Amino acid sequence: MALPPPALPAAGRPAADRHLGAGLLLALPAALLALVSLVIPTGQTIVRSFQNSRFLSHSHPFVGLDNYGTLLKQGDFWRTLAFSLVLAIVPIIVAVVVGPALAAALAQAGTWPRRVGRVLMSLPLVVFSPVAVAIAWHMGQAGAGGGGIATIFGRIDSPDKAFGVIPLITAAATFGVVCGLALLVFLPVLRGRAEGRRITPAMLAVASIVALAAVATSLQAFTFGAVLGDSRRSTTPVGLIYTFGFRMADLGVGSALATITGVILAVLGVGATVIAIKTGLGIKLAPAPRRGAPEPGPPQPGPGAPPAGPRPDAARSVIGILAVVVALIIAVLGVWPWLSALFSDGHGSSTGASSGHVYLNTWVPPLLNAIVSVGAAFLAALGIGGLRPLGRRSELLLLPFAPWLFVGVGPFSITGFENERKLDLLEKFASLFSPILVSVPALLILTLFCRRHAARWRAQRAAGAPAAPSFFFTVVVPALPLAGLLFGAVTLIGGQGLLWPILVSNGSANRTAPVELLIRVNQTFSANAQVGLTTPIVVVVLALIALAALQILYLDRLVITTGPDEEAVGLPQAARGPGWPVMVPAPAGPGLPPPSGPPLSYAPPPGYAPPVAAPPPYGPPPGYAPPPGYGPPPAYGPPPPQAPAPPETTPTDPKPEPSPAPEHDADPPPAYDSPPSQSAASRPEPTDSGPNPPSGHKPASDSTPGREPRDTDGRASSADSAADEEAPDEKPPADEAPRSEK
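Residues numbered from 1 in each chain as written. Predicted model: local features only at pLDDT ≥ 70, side-chain atom pairs only at ≥ 80, totals over all residues. Heavy atoms only, no water.

**Q** Go over the overall build of the chain, please, and point to the residues and values.
**A** Tallying secondary structure elements over the chain gives 23 helices and two strands in all. For the chain, with 742 residues in total, the buried portion stands at 42%. By sequence separation, contacts in the chain at least 24 residues apart represent 78% of the contacts at least 6 residues apart. In the form shown here, the chain has an accessible surface area of approximately 37,900 Å², with 67% of it arising from carbon and sulfur atoms. (Helix = DSSP H or I, 4+ residues; strand = E, 2+ residues; numbered from the N terminus. Buried < 20%, exposed > 50% of the residue type's maximum accessible area, 1.4 Å probe, protein only. Contact = heavy atoms within 4.5 Å. Areas by Shrake-Rupley, 256 points an atom, 1.4 Å probe, with all protein chains shown as cover.)

Written as structure tokens, this is what we have:
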């Protein structure tokens, strides 16, 4: 008797399979760091926004909503908000239009053109320095360099012109960076087409999140506005927070602006997280292709067709390479003022800080901060996305972190500065560490990756694999390169930052490279060779080698899809729930009948075998006439049915009168699509008399009275054959009446 399959609980997974304690324990470090560096500073900023607070003031009276009224009545907030939206227009177009088009061209170009394009578009990501590029454009605007390109969008000689020129300069300078980042996210989406999946939902989800991220970045942009504009009309909300809080020493109004900015960023972050959760967005690592294997393509129509598409032709490869070359040319033109200053012969004066000490201050704190923030995010992603403590609802644990998904240092600048001052850390090396101790973007990305590979891990557990080793090799190991990429990104972004170092490192002993470069340029008013201070050759070479290796060996195999985890990784139906065995059907051998019966959702009992189907009836295929002389082979078909014994007759019963044999009405020929009913002993011996006469012809030998006529194919019936062999001249019994003629 077959046993019913195990019942699944309402959450979709058995309670014994949920690692509630272990999953929450892995997420605990990130939760504690978020509480200390995100939640508490946010509360402090909100409280300070209701107070009349000044620098070096010991009293902070409560003023209610006066700071918000002052901020909104002046109109500065609305101007900065409009400037941020203008600043985001071109990067959004590049990110969601140019980037996908470039990714599509490379996706159709083939393996090596795509990988070459990936490596080439990695150059803008590792050499970009916002401070150095902004300073080079500023010097070109003043006529101190730039080769004439710096004034292509107009001169910034008034605040009104700065409102329109700075967004164009920013878009040109960041074109290569935005294209490189767009390739990182849209090429994995297009790779899902090779698996036969619809890429439109994933494309829309990723494009929406990218657009929200671009808006959030524009709201917090600080470097270009501070270096090029330095005006309330051409700055962002974060730039205005710096103006109110640190130039005007009004911490209350600055905190009110930080609170409003934080609310907007929280809405954007929650929206992006909800999009990722609702669409089932996930990242997985595809198997490494075999050497010499054809380029993956969409599955061909037809049952059992392999998902191997044709190799790209030379025209598509050329189009992909040309698209990358055009993008690189535009990116080079956007940073041409920086390149011309980088390779010039001029040298600037020193400010007393040694280059070694500057590099130490620039890269060591971001490096250590990345270890803490990305490490905590990685552990939390393993707990939330890997162990799935809440089953299919585990991604809801991301919502408490979502309000700070896009929040940077800017909204926490006032509270962070005050905390550093209270702890007596200003002008010390420890103050260079970022006040944000957990990377929420890394948490989201790694969780989306772990959720896909956790489905594979559950399938392996259902097949009997041990839990801990399979989790390590299926979830942890594949996620390590992605965590390393995020670690490098956090390090580079922290090393190139300007806002936080300029707040806490006024002395020469704690200056970072961006601050040192800004001070040198202000003293000498010459960009020249000093712009290379923020991009040391050692850092650039190491970062480029690491990123190129990741692009070829790892990032080129990532796939971004939407939908359920089990369906996205291609698991069979029987392996989509823990506790259900993985059933792999054995291949059918030649000549074996197909299995019959309904598909089983659980293992059959021991000794069960599908019934063997009966052989098909003998005869030619339907719709084809039998050839001359066609007949069933000897000994084919079941034995003929036994005729019942004739009943015993009594003297009173009249003797049955035998019916005469028909002369012209022959019996119809037997059907060839059903087995004959006679046995092998009753079949006539084959003769060599030649082909049978045509149907309807009556031979002369069949006209003898008292014998059954032959069939239309020349064969005699079984009764006549037996009579001819045993008693050909046998007469009817004497007690029987003679046959009457009709």
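From this point, things continue past the structure.
**Q** Can you tell me about the pattern of salt bridges, naming the residues and giving the values?
**A** Overall, the coordinates contain 11 salt bridges when judged by the stated rule. Across the salt bridge formed by Asp-250 and Arg-54, the nearest N and O atoms sit 3.7 Å from each other. Of the two residues, Asp-250 is situated in the loop between helix 11 (237-247) and helix 12 (251-278) and Arg-54 in the loop between helix 1 (20-49) and helix 2 (66-74); the sequence distance between them amounts to 196 residues. Taking the relative accessible area as the measure of exposure, Asp-250 reaches 11% and is therefore buried. If you follow the salt bridges from partner to partner, you end up with Arg-114, Arg-115, Arg-118 and Asp-556 in one network. (Salt bridge = Lys/Arg side-chain N within 4 Å of Asp/Glu carboxyl O.)

**Q** Residue-level account of the environment of Gln-108, with values.
**A** Within the secondary structure, Gln-108 is located in the loop between helix 3 (76-107) and helix 4 (111-120). Counting along the chain gives 212 residues from Gln-108 to Gly-320, while the straight-line C-alpha distance between them is 7.4 Å.

**Q** Tell me what's going on with the packing of helix 1 against helix 15 (residues 355-386), and back it up with residues and numbers.
**A** Look at helix 1 against helix 15: their axes get within 7 Å of each other, and the N-to-C directions meet at 150°. When you trace helix 1 past helix 15, the crossing you get is left-handed. Contact residues: helix 1 offers Gly-23, Leu-26, Ala-27, Ala-30 and Leu-33, while helix 15 offers Val-372, Ala-376, Leu-379, Ala-380, Leu-382, Gly-383 and Ile-384. Per-class residue counts for the contact of helix 1 with helix 15 are 10 nonpolar, two polar and no charged. (Axes fitted to C-alpha atoms, helices over the stretch in contact; angles between N-to-C directions. Left-handed = near helix turned anticlockwise from the far one by under 90°. Nonpolar A, V, L, I, M, F, W, Y, C, P; charged D, E, K, R; others polar.)

**Q** Lay out the side chain of Thr-223 with the relevant residues and their values.
**A** The residue Thr-223 is located in helix 10 (residues 223-229) in this model. Among all residues touching Thr-223, those that are not within four sequence positions of it are Pro-130, Val-131, Ala-134 and Leu-498.

**Q** So what's going on with the pairing of strand 2 (residues 558-561)? Which residues, and what values?
**A** Burial along strand 2 is two-sided: Leu-558 and Ile-560 and Val-559 and Thr-561, pointing in opposite directions, are all buried. Across four bridges, strand 1 (residues 282-285) lies against strand 2 in antiparallel orientation. Residue pairing across strands places Gly-282 opposite Thr-561, the latter belonging to strand 2. (Pairing = 2+ DSSP bridges.)

**Q** Would you mind going over the packing of aromatic side chains in detail, with residue names and values included?
**A** If you walk through the whole model with that rule in mind, you get 13 aromatic pairs. Here the aromatic rings of Phe-55 and Phe-246 are separated by 6.0 Å at their centres, their planes lie at 45°, and the arrangement is tilted. Placement of Phe-55 in the loop between helix 1 and helix 2 and of Phe-246 in helix 11 is noted, with a sequence separation of 191 residues between them. Aromatic ring contacts, followed pair by pair, group Phe-55, Phe-222, Tyr-242, Phe-246 and Phe-417 into a single cluster. For Arg-115, the ring lying beneath its charged end belongs to Trp-112, and the centroid distance is 5.3 Å. (Phe/Tyr/Trp six-rings, centres within 6.5 Å; stacked < 30°, edge-to-face > 60°. Lys NZ or Arg CZ within 6 Å of the ring centre and 35° of its normal.)

**Q** Please set out helix 13 (residues 314-334) residue by residue, giving values where relevant.
**A** Over its 21 residues, helix 13 runs 30 Å from end to end, which matches the ideal 30 Å to within 8%, given 1.5 Å per residue. The set of residues buried in helix 13 consists of Ser-317, Gly-320, Val-324, Ala-327, Leu-328, Ala-331 and Gly-334. Down the axis of helix 13, the buried side of the element spans an arc of 115°, and every buried residue falls inside it. Residues of helix 13 that are exposed and point over 90 degrees away from its buried face: Ala-314, Ile-319 and Leu-322. (Expected span 1.5 Å × (residues − 1). Arc of directions from axis to C-beta.)

**Q** Can you explain the environment of Leu-81? Please cite residues and give values.
**A** With respect to the helices and strands, the residue Leu-81 is situated in helix 3. C-alpha of Leu-81 to C-alpha of Ser-218: the two residues are 137 residues apart in sequence and 9.4 Å apart in space. When near neighbours in sequence (up to four residues on either side) are disregarded, Leu-81 contacts Leu-219 and Ile-264.

**Q** A description of the confidence of the model for the chain should follow, citing residues and the corresponding values.
**A** Mean pLDDT over the chain works out to 78, with 68% of the residues at or above the 70 mark. Across residues 300-310 the pLDDT falls below 50, and counting only partners more than four positions away or on other chains, this stretch makes 15 contacts in the model. Throughout residues 661-666 the model reports pLDDT below 50, and contacts reaching past four residues in sequence, or to other chains, amount to six contacts. (pLDDT = per-residue confidence, 0-100.)

**Q** Break down unusual backbone geometry for me, citing the residues and quoting the values.
**A** A positive phi angle, close to 60°, is found at Ala-249, a residue other than glycine. Along the polypeptide, Ala-249 turns up in the loop between helix 11 and helix 12.

**Q** Run through the packing of helix 3 against helix 11, naming residues and quoting values.
**A** At a minimum axis separation of 8 Å, helix 3 and helix 11 run at an interaxial angle of 145°. Here Asp-76, Phe-77, Thr-80 and Ser-84 of helix 3 lie close against helix 11, whose contacting residues are Pro-237, Leu-240 and Phe-244. Tallied by class, the residues present in the contact of helix 3 with helix 11 amount to four nonpolar, two polar and one charged.

**Q** So what's going on with a nonpolar patch on the surface? Which residues, and what values?
**A** Among the surface-exposed residues, Val-86, Ile-89, Val-90, Ile-93, Val-97, Val-98, Ile-152, Phe-153 and Leu-168 lie close enough to one another that they form a single nonpolar patch of about 690 Å² accessible area. Considering every element that reaches the nonpolar patch, the biggest residue donor is helix 3, with six residues. With respect to the secondary-structure elements, Leu-168 resides in helix 7 (residues 159-173). (Patch = residues over 30% accessible without salt bridge, like charges linked within 9 Å, V, L, I, M, F, W, Y side chains within 5 Å.)

**Q** For the environment of Ser-84, give the residues involved together with the corresponding values.
**A** The topology assignment puts Ser-84 in helix 3. Measuring from C-alpha to C-alpha, the distance between Ser-84 and Gln-220 comes to 8.3 Å, with 136 residues separating the pair along the chain.

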